[in-house]
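# Report on the structure
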There are 2 protein chains.
Amino acid sequence: MTTETEFDRALAMRWEEHAAVAVGSFELSEDWLIGGVVNGGLLMALCTQAAVERCGVAGHVHPVAWSSQFASAARPGRAEVRLTLTRAGRSFTSVSVDLLQGGEERLRTLVTLGRLDELGDTVYAAPPPPLMPPPDQCLRADRSVPSSREVVLLDRLDLRLDPATAMWAVGQPSKAGRMRGWLRFADNRPVDAGSLPFFLDAMPPVAFDVGGQGWAPTVAFLGSVRAEPQDGWLQMEITTSTVVGGLLEEDATIWDRSGRVVAHSRQIAGFRMSGGALP
Amino acid sequence: MTTETEFDRALAMRWEEHAAVAVGSFELSEDWLIGGVVNGGLLMALCTQAAVERCGVAGHVHPVAWSSQFASAARPGRAEVRLTLTRAGRSFTSVSVDLLQGGEERLRTLVTLGRLDELGDTVYAAPPPPLMPPPDQCLRADRSVPSSREVVLLDRLDLRLDPATAMWAVGQPSKAGRMRGWLRFADNRPVDAGSLPFFLDAMPPVAFDVGGQGWAPTVAFLGSVRAEPQDGWLQMEITTSTVVGGLLEEDATIWDRSGRVVAHSRQIAGFRMSGGALP
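Residues numbered from 1 in each chain as written. Chains lettered and ligands numbered in written order. Predicted model: local features only at pLDDT ≥ 70, side-chain atom pairs only at ≥ 80, totals over all residues. Heavy atoms only, no water.

### Description of the overall build of chain A
Quick reminder of the rule: For helices the rule is a DSSP run of H or I covering at least 4 residues; for strands it is a run of E covering at least 2, with both sets numbered from the N terminus onward. We compute the radius of gyration over the C-alpha atoms and compare it with the globule rule, which gives 2.2 Å times the number of residues raised to the power 0.38. Only protein chains enter the area calculation, which uses a 1.4 Å probe; residues under 20% of their type maximum are buried, those over 50% are exposed, and those in between are partly exposed. Any pair of residues with heavy atoms lying within 4.5 Å of one another is described as a contacting pair. Surface exposure here means Shrake-Rupley accessible area, sampled with a 1.4 Å probe, where a residue is shielded only by the protein chains that are shown. Charge counting follows a simple rule: Lys and Arg are positive, Asp and Glu are negative, and His as well as the terminal groups are ignored. For the purpose of locating charges, the reference atoms are NZ of Lys, CZ of Arg, CG of Asp and CD of Glu.
Secondary structure summary: chain A contains four helices and 17 strands in total. The C-alpha radius of gyration computed for chain A amounts to 18 Å, which stays within 12% of the reference 19 Å derived for 279 residues, consistent with globular compactness. Expressed as a percentage of the 279 residues in chain A, the buried residues total 59%. Sequence-distant contacts, at least 24 apart, represent 69% of the contacts inside chain A between residues at least 6 apart. Element-wise, carbon and sulfur atoms account for 50% of the exposed surface of chain A, whose accessible area totals about 10,500 Å². For chain A, the distance from the average position of its 26 positive side-chain charges to the average position of its 33 negative side-chain charges is 2 Å.

Here it is as structure tokens:
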């Protein structure tokens with residue numbers, strides 16, 4: 001792994017051993033913030049990569065499934081991950097990763113590592129990539145509009161939103177609960193399996209398209225890397241169907257430039273209707 | 001909680017305290033087996049209920065989100081859960097629950113408890129219940145057919161499958177990746193929020209409808225209880241869209257008899273095409 005790109009620098013970690021637990025320490029920079037809080041996708045990429053680095057035995061180098069529970073917001077500064085290997089099986093390796101700051105739990109992640117090549121790549125069923133204009137006919141999401149000034153994360157991304165699903169940005173959410181976009185790293189860092197846990201949570205919240213306000217806090221997340229992506233633009237769609245009270249679910253799917261599904265996820269997140277109060 | 005029903009007896013637990021960890025021990029009976037292995041939904045109900053019983057502070061009595069990582073198959077016999085409270089917040093309480101047998105990890109579950117009444121019940125968006133024949137015009141799933149003889153779990157359920165989505169049972173999977181049914185407990189135990197983690201994994205695997213064979217092992221699961229159900233028949237739909245190599249995702253939604261979405265989930269599970277080998 002190179003540390004010459006923004007994303008790889010963000011994942012760099014120093015290791016210590018404590019019996020059955022490996023402890024990695026690192027610095028969370030101010031480069032991946034959304035309104036003062038470190039992006040959850042970056043934290044999940046840190047946790048899954050830590051699991052691969054330390055526990056990826058028997059060639060189990062892909063996070064074929066992981067779930068994260070977000071306990072409190074991570075801030076820039078020193079942080080550590082504590083890894084416990086819970087099971088080393090033939091097909092899968094199970095690792096529990098706690099991410100803490102000052103002893104306080106930020107998120108806990110259960111990572112299941114496997115080998116995509118061993119699992120096979122026969123496609124029995126898969127959704128085709130959504131029809132959308134090419135990147136140069138989409139809207140580049142940057143920090144020029146007032147609502148995204150505090151989203152430093154956008155500087156790390158080249159994110160192009162399908163205009164048909166971006167009317168929320170001008171105060172006209174479609175209410176369909178759907179958003180589509182093209183994504184890659186702003187510094188052209190290659191797209192690989194290890195970056196998919198980050199990309200799955202990199203788009204603006206789908207809540208915006210149903211009239212929600214604020215970058216909704218993730219409560220729980222289940223992600224899965226399904227194929228090693230070809231480098232190039234990623235195509236992503238996020239949807240929600242059940243928005244009730246203060247919670248919604250957000251489903252994400254990512255296709256690589258060959259049109260293959262490479263990752264998908266569901267998250268449960270907070271929801272606040274514009275003008276309404278958080279529960 | 002009454003212990004007069006099959007489900008409540010299955011959840012009965014004895015508690016001990018060990019500093020910050022609460023340890024509950026119990027017996028897994030032979031009543032909830034699928035081919036010799038204890039049903040994953042029952043294990044998730046045990047873990048979420050244990051979290052509610054021991055850590056449901058501040059009225060946080062609903063598992064608004066939980067994720068489980070399945071490390072190894074649970075068998076009938078003695079088992080224990082180890083609970084760690086990771087965060088007691090204003091809106092949510094975070095609990096980690098390990099379920100072990102003979103010191104070996106079976107599953108690890110991260111439970112986020114909250115209060116549904118505090119989160120509110122305004123419906124901004126929700127999928128309507130699927131159109132399907134009433135229960136008495138559906139197929140009762142029981143153990144009379146050879147393929148389900150080992151599914152003891154079916155004795156605990158009154159499960160009626162929509163015939164349009166049950167052709168896999170006669171060797172003609174629709175390949176649409178969809179199954180619908182009505183569910184309740186066989187002994188008429190009332191349906192409540194605490195039983196939804198069980199029901200979310202109680203239907204036959206959606207893999208059957210895309211030509212898969214065997215009760216596919218769950219790798220990881222994310223569930224969410226979205227409303228306290230009214231007692232009566234539950235209506236459930238499960239779907240899959242990405243079946244690649246040895247894995248698929250299965251999404252489940254449950255509506256109560258009032259037509260309200262009360263729970264939904266996604267799981268990542270193993271997949272084996274009929275006649276094919278497991279990876």
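Following the structure, the description resumes.
### Examining the environment of Gly 40 of chain B
Residue and element names in this part refer to chain B. Relative to the assigned elements, Gly 40 resides in helix H2 (residues 40-55). Residues Gly 40 and Met 167, spaced 127 residues apart in sequence, show a C-alpha to C-alpha distance of 25 Å. The contacts of Gly 40, once residues within four sequence positions are left out, are Phe 70 and Asp 201.

### Things to note about the packing of aromatic side chains
All names here are of chain A. The condition that has to hold: Only Phe, Tyr and Trp rings take part, Trp by its six-membered ring, and two of them pair if their centres are within 6.5 Å. Stacked means planes under 30 degrees apart, edge-to-face means over 60, and tilted covers everything else.
If you walk through the whole model with that rule in mind, you get 22 aromatic pairs over all chains. Judged by centre distance (5.8 Å) and plane angle (10 degrees), the rings of Phe 185 and Phe 198 are stacked. With a gap of 13 residues between them, Phe 185 in strand S12 (residues 178-185) and Phe 198 in helix H4 (residues 196-199) connect regions that are remote in the sequence. Each member of the pair Phe 185 and Phe 198 is classed as buried. These aromatic residues form a ring-pair network of at least three members: Phe 7, Trp 32, Phe 185, Phe 198 and Phe 199.

### Topic: the relation of the copies chain A and chain B
The line we're drawing: Our superposition of the copies is a least-squares fit, built on the C-alpha atoms of residues whose pLDDT is at least 70 in both.
Its rotation angle being 180 degrees, the transformation that places chain A on chain B also includes 0.0 Å of axial translation and leaves an RMSD of 0.0 Å. When the rotation and shift are considered jointly, the pair of chain copies conforms to a two-fold rotation axis. By residue overlap, the copies meet face to face through one surface: 100% of the interface positions of chain A are interface positions in chain B.

### Re the environment of Asp 121 of chain A
Tracing the backbone through its elements, the reader meets Asp 121 of chain A in the loop between helix H3 (116-119) and strand S9 (123-125). Sequence spacing of Asp 121 of chain A and Arg 226 of chain A is 105 residues, and the spatial spacing of their C-alpha atoms is 8.9 Å.

### Concerning the side chain of Arg 106 of chain A
Residues and elements named next belong to chain A. Rules: Polar contact is defined as a pair of N or O atoms within 3.5 Å, subject to the rule that within protein one atom must be able to donate a hydrogen and the other to accept it, and that residues adjacent in sequence are counted only when both atoms are side-chain atoms.
Looking at where Arg 106 falls in the secondary structure, it is placed in strand S8 (residues 104-114). Side chain to side chain, Arg 106 and Ser 72 meet in a polar contact 2.9 Å long. Residues in contact with Arg 106, not counting those within four places in the same chain, are Gln 69, Phe 70, Ala 71, Ser 72, Ala 73, Ala 74, Leu 99, Leu 100 and Gln 101.

### Focus on the nonpolar core
Selection rule: Here, nonpolar core refers to any group of buried Ala, Val, Leu, Ile, Met, Phe, Trp, Tyr and Cys residues whose side-chain atoms link them within 4.5 Å.
Ranked by internal contacts, the top residues of the largest apolar core, which has 147 residues, are Phe 198 of chain A together with Phe 198 of chain B. Judged by nonpolar contacts, the second largest core, of eight residues, contains Ala 125 of chain A together with Val 210, Val 243 and Met 273 of chain B.

### Side note on the pairing of strand S11 (residues 157-161) of chain A
For S11 of chain A, the tally of buried residues reaches five of five residues, placing the bulk of the element in the interior. Judged by which residues are buried, S11 of chain A turns out to be covered on both faces: Leu 157, Leu 159 and Leu 161 of chain A on one side and Asp 158 and Arg 160 of chain A on the other are all buried.

### Digging into the interface of chain A and chain B
For clarity, the cut-off: We define buried area as the total accessible area lost by two parts upon association, computed with a 1.4 Å probe and summed across both. Each salt bridge in this description consists of a side-chain nitrogen of Lys or Arg and a carboxyl oxygen of Asp or Glu lying within 4 Å of one another. For this classification, the nonpolar set comprises Ala, Val, Leu, Ile, Met, Phe, Trp, Tyr, Cys and Pro, the charged set comprises Asp, Glu, Lys and Arg, and every other residue, Gly included, is treated as polar.
Tallying the contact residues gives 56 residues for chain A and 56 residues for chain B. At the boundary of chain A with chain B, total buried surface from both sides reaches about 4,700 Å², with 62% on carbon and sulfur atoms. Linking chain A to chain B there are two salt bridges. Put simply, Arg 266 of chain A and Asp 251 of chain B hold a salt bridge, and the shortest N to O gap is 3.6 Å. At the boundary of chain A with chain B, the tally comes to 27 residue pairs in polar contact (both at pLDDT 80 or more). Looking at the side of chain A that touches chain B residue by residue, the classes come out as 26 nonpolar, 18 polar and twelve charged.

### Some remarks on unusual backbone geometry
Here the phi dihedral of Lys 175 of chain A falls at roughly 70 degrees; this positive angle occurs in a residue that is not glycine. Mapped onto the elements, Lys 175 of chain A comes out in the loop between S11 and S12. The backbone of Asn 188 of chain B shows a phi angle near 65 degrees, a positive value even though the residue is not glycine. Tracing the sequence through the fold places Asn 188 of chain B in the loop between strand S12 (178-185) and helix H4 (196-199).

### Considering the pattern of salt bridges
According to the stated counting rule, one finds 34 salt bridges over all chains in the structure shown. Of the charged contacts in the structure, one is a salt bridge between Arg 156 of chain B and Glu 6 of chain B, with a shortest N-O distance of 2.8 Å. Of this pair, Arg 156 of chain B sits in the loop between strand S10 (139-140) and strand S11 (157-161) while Glu 6 of chain B sits in helix H1 (residues 6-11), and the two are 150 residues apart along the sequence. Where Glu 237 of chain B meets Arg 178 of chain B, a salt bridge forms, and the shortest distance between an N and an O atom there is 3.3 Å. Taken as a pair, Glu 237 of chain B in strand S14 (residues 234-239) and Arg 178 of chain B in strand S12 lie far apart in primary sequence, 59 residues in all. Accessibility expressed as a relative area gives 14% for Glu 237 of chain B, which makes it buried. Counted as one network, the salt bridges with shared partners bring together Arg 140, Asp 158, Arg 160 and Arg 184 of chain A.

### Concerning H2 of chain B
Residues and elements named next belong to chain B. Heads up, the condition is: A helix is expected to reach a length of 1.5 Å times the quantity of its residues less one.
In this model H2 runs 22 Å from its N-terminal to its C-terminal C-alpha over 16 residues, within 8% of the 22 Å that 1.5 Å per residue would give. Among the 16 residues of H2, 13 are classified as buried, and the element is accordingly described as predominantly covered. In this structure Asn 39 caps H2, since a side-chain oxygen of it lies 3.1 Å from the backbone nitrogen of Gly 41.

### Some remarks on the environment of Thr 165 of chain A
Residues and elements named next belong to chain A. Along the chain, Thr 165 turns up in the loop between S11 and S12. Once the C-alpha coordinates of Thr 165 and Gly 181 are considered, the two residues, 16 residues apart in sequence, prove to be 8.7 Å apart. Once residues within four sequence positions are removed from consideration, Thr 165 is found in contact with Arg 178, Met 179, Arg 180 and Asp 209.

### Remarks on the state of the cysteines
Using the following cut-off: A pair of cysteine sulfur atoms is labelled a disulfide when the two atoms are within 2.5 Å.
The full count for this structure, using the stated rule, is zero disulfides over all chains. As a non-bridged cysteine, Cys 55 of chain B has Cys 47 of chain B as the owner of its nearest cysteine sulfur, 12 Å distant.

### What to know about the confidence of the model for chain A
Put simply, the rule is: Residue-level confidence of the predictor is what pLDDT reports, using numbers from 0 through 100.
Overall, the prediction assigns chain A a mean pLDDT of 92, with 95% of residues at 70 or greater. Across the interfaces of the predicted complex, the ipTM metric reaches 0.93, alongside a pTM of 0.94.

### Structural notes on the pairing of S12 of chain B
All names here are of chain B. Cut-off, in case you're wondering: Strands pair, by our definition, only if DSSP identifies at least two bridges between them.
Counting buried positions along S12 gives six out of eight residues, so the element sits mostly inside the fold. Looking at chain direction, S11 and S12 are connected through five bridges and run antiparallel. Paired with Leu 157 across the two strands is Phe 185, which belongs to S12. Pairing of S12 with S14 involves six bridges; the strand directions are antiparallel. If you follow Arg 178 over to S14, its bridge partner there is Thr 239.

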